[in-house]
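Fold and contact review
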Amino acid sequence: MSKLMNIVIALVIIGIFAGGGYLAYLYIRPPETKSALDLDLESWQNRVKQDPGNALFRANLGVTLIQKGQFDKAIQELQAALNIDPTSFTYMDSLGDAYRLAGQPDKAIDEYKLALAKYPAGNKYPDAYKIADLLFNDKHDISGALNYVQQSITDNGNIWNSLYLYGEILERQGKPAQAKQEYEKAAEFNGSDPGVQTALKRMQTAKA
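Residues numbered from 1 in each chain as written. Predicted model: local features only at pLDDT ≥ 70, side-chain atom pairs only at ≥ 80, totals over all residues. Heavy atoms only, no water.

**Comments concerning the packing of helix α8 (residues 142–155) against helix α9 (residues 160–172)**
- At a closest axis distance of 10 Å, the pairing of α8 and α9 adopts a crossing angle of 150 degrees. Between α8 and α9, the angle is such that the two are roughly antiparallel. Here α8 and α9 pass one another in a crossing that is left-handed. Contact residues: α8 offers Ile 142, Ala 145, Leu 146, Val 149, Gln 150, Ser 152 and Ile 153, while α9 offers Ser 162, Leu 163, Leu 165, Tyr 166, Ile 169 and Arg 172. (Axes fitted to C-alpha atoms, helices over the stretch in contact; angles between N-to-C directions. Helix = DSSP H or I, 4+ residues; strand = E, 2+ residues; numbered from the N terminus. Parallel < 35°, antiparallel > 145°, perpendicular 65-115°, else oblique. Left-handed = near helix turned anticlockwise from the far one by under 90°. Contact = heavy atoms within 4.5 Å.)

So, in structure tokens, the structure goes:
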């Protein structure tokens, strides 16, 4: 009997020390720190709460929500920002991004077109490219994509992804020689891109 009691007491003591060790671990474990993105989100949420009529605060909150992957909430905040300041083309551009990531390409294209019309020359190429990309890859509108990618290149001819997309469009149109030229131009700016490398290899065997 005494031997059995000793075993029970020993188990209880082990349990106490094990539990105490766990509590000690909880006590000394450093608190979890928030990421920089979470801190940004919290900061902009607080600013919007304090001043809901500030378009810049709402737009920055919207962009942060995009980065967090909360696209529907981002759309709400960016729409609110544009309701306050309907002339801001940067808000339109960000709203287009939110719509695109939310899987609403038509609405994204509409916002990008509004932004494109307002951006000054030399700064139009990103939105022109985004429209072309959506028209080509989502809407399968080759002629529309061609129009906007050419606008992008006219505004800035040194952007590799516009040149690459132009090559894709020309290749889809059955113009491999012209497509190869655009792929080669894209390679001058970003030759390490896997898509560019694959396209150039493909053009080596393509018929002119």
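**Some words on the pattern of salt bridges**
- Inspection of every chain in the model, using the stated rule, returns 9 salt bridges.
- Through salt bridges with shared partners, a single ionic network connects Asp 93, Asp 97, Arg 100 and Lys 130. (Salt bridge = Lys/Arg side-chain N within 4 Å of Asp/Glu carboxyl O.)

**Things to note about helix α3 (residues 55–67)**
- Counted at 1.5 Å a residue, the expected span for α3 with its 13 residues is 18 Å, and the 19 Å between its end C-alpha atoms agrees.
- Ala 55, Phe 57, Arg 58, Ala 59, Leu 61, Gly 62, Thr 64, Leu 65 and Ile 66 are the residues of α3 that are buried.
- Where the residues of α3 are buried, they touch α2 (36–50), α4 (71–84) and α5 (89–101).
- Two or three places before Leu 56, at the start of α3, stands the capping residue Asn 54, its side-chain oxygen 3.0 Å from that residue's backbone nitrogen.
- Following α3 by one or two positions, Gly 69 has its phi on the positive side, about 80 degrees. (Expected span 1.5 Å × (residues − 1). Buried < 20%, exposed > 50% of the residue type's maximum accessible area, 1.4 Å probe, protein only. Polar contact = N/O pair within 3.5 Å; in protein donor to acceptor, adjacent residues only side chain to side chain.)

**A closer look at the packing of aromatic side chains**
- Summed over all chains, the structure comprises 4 aromatic pairs.
- Ring geometry for Trp 44 against Phe 57: centres 5.9 Å apart, planes inclined by 50 degrees, an arrangement best described as tilted. Remark: Phe 57 occurs in helix α3 and Trp 44 occurs in helix α2; sequence separation between them is 13 residues. Across this residue pair, the class does not change: Trp 44 and Phe 57 are buried.
- With 4.5 Å between their ring centres and 55 degrees between their planes, Phe 89 and Tyr 119 make a pair best called tilted. Of this pair, Phe 89 sits in helix α5 while Tyr 119 is found in the loop between α6 (105–118) and α7 (125–137), placing the two residues 30 residues apart along the sequence. (Phe/Tyr/Trp six-rings, centres within 6.5 Å; stacked < 30°, edge-to-face > 60°.)

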